[in-house]
Amino acid sequence: MSSDFEAYEQDFGTLTAEITNKIGRIPKLGGEEKTQLVLNVDKQLEEVRELMEQMDLEVRELPIQSRGMYQSRLKSYKGEMDKLEKDFKRSRIAYSDEVRNELLGEDAGSSESQLIKLREERAHLLDNTEKLERSSRRLDAGYQIAVETEQVGQEILANLHTDREKIQRSRDRLRETDANLGKSSRILTGMLRRIIQNRVLVFVLGAIILITIILAIYFNVRGH
């Protein structure tokens with residue numbers, strides 16, 4: 001498990017190094033080239049976020065006695081991630097000296113306030129954009145959770161339906177068994193009744209034969 005975490009660490013180091021290098025280049029660019037690099041960095045930052053989530057899952061699955069060290073390392077990486085995002089935000093609204101001079105031209109002194117205002121407006125716009133992106137990600141995550149919850153609910157209902165059918169079949173078998181037991185009980189009762197009747201009949205016949213023998217002996221003795 002720790003080997004997986006260390007592999008994620010290596011990927012994290014490689015990605016953050018590339019992002020840091022690209023963030024440093026953003027203010028020096030302009031136009032479409034800058035836009036493409038910003039989009040590329042934003043995509044890589046999303047990859048880093050997903051990587052952090054994987055690292056967090058790995059830490060949660062570690063034994064408690066080993067978890068503390070990895071949690072500290074993960075916390076450090078989260079701090080580095082926060083710093084990267086702040087640097088990225090600043091780089092998107094920053095201009096290098098060459099680009100600034102190109103934008104302002106010869107009238108640099110009188111247009112400095114306009115550049116500051118433009119920078120503030122861009123920062124405000126980026127803040128709103130990032131808020132919208134975060135809200136969109138939260139909505140996507142909430143939708144995914146809702147879909148997963150619905151799937152789990154459907155599985156639970158299906159399991160309950162299956163269990164209900166099993167219980168119903170068990171009840172039917174119990175009723176059938178009870179009916180068979182009742183029938184067997186009636187048969188045994190009838191057999192026992194006939195056995196008793198046969199025994200009584202044998203006893204009566206035995207008594208009659210015994211009395212007949214006694215009377216025969218009696219009359220035979222008396223006749224002599």
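Residues numbered from 1 in each chain as written. Predicted model: local features only at pLDDT ≥ 70, side-chain atom pairs only at ≥ 80, totals over all residues. Heavy atoms only, no water.

## Things to note about the overall build of the chain
1) Next: When helices and strands are counted, the chain shows 5 helices and 0 strands.
2) Next: Burial status across the chain gives 20% buried among its 224 residues.
3) Next: Within the chain, residue pairs in contact and separated by at least 24 positions form 73% of the contacts whose partners lie at least 6 positions apart.
4) Next: Roughly 17000 Å² of accessible area belongs to the chain as shown, and the carbon and sulfur atoms make up 57% of that amount. (Helix = DSSP H or I, 4+ residues; strand = E, 2+ residues; numbered from the N terminus. Buried < 20%, exposed > 50% of the residue type's maximum accessible area, 1.4 Å probe, protein only. Contact = heavy atoms within 4.5 Å. Areas by Shrake-Rupley, 256 points an atom, 1.4 Å probe, with all protein chains shown as cover.)

## Considerations on the side chain of Ser91
1) Next: Within the element layout of this structure, Ser91 appears in helix α3 (residues 64–93).
2) Next: A polar atom in the side chain of Ser91 sits 2.7 Å from the backbone oxygen of Phe88. (Polar contact = N/O pair within 3.5 Å; in protein donor to acceptor, adjacent residues only side chain to side chain.)

## Some points on the nonpolar core
1) Next: By size, the foremost hydrophobic cluster in this structure holds 23 residues, and its most contacted members are Ile19, Val41, Leu45, Val48 and Phe88.
2) Next: Elements represented by at least two residues in this core include exactly α1 (2–25), α2 (31–60) and α3.
3) Next: Broken down by element, this core gets its largest block of residues, 9 residues, from α2.
4) Next: Other than its neighbours up to four places away in sequence, Val41 contacts Ile19, Lys22, Ile23, Ile26 and Phe88. (Core = buried A, V, L, I, M, F, W, Y, C linked by side-chain atoms within 4.5 Å.)

## Digging into a nonpolar patch on the surface
1) Next: A grouping of Leu192, Ile196, Val200, Leu201, Phe203, Val204, Leu205, Ile208, Ile209, Ile213, Ile217 and Val221 is seen on the molecular surface, where their side chains present a nonpolar patch of about 1200 Å² in accessible area.
2) Next: Along the chain, the position of Phe203 falls in helix α5 (residues 108–223).
3) Next: Given a relative accessible area of 63%, Phe203 falls into the exposed group. (Patch = residues over 30% accessible without salt bridge, like charges linked within 9 Å, V, L, I, M, F, W, Y side chains within 5 Å. Salt bridge = Lys/Arg side-chain N within 4 Å of Asp/Glu carboxyl O.)

## A few points about the UniProt feature "transmembrane region" (unreviewed entry) in the chain
1) Next: Cross-referencing UniProt, the feature "transmembrane region" (unreviewed entry) maps to residues 200–221 in the present numbering.
2) Next: Helix makes up 100% of residues 200–221 and strand makes up 0%, while its end C-alpha atoms are separated by 31 Å. (UniProt positions renumbered as here; feature names shortened; annotations may be inferred.)

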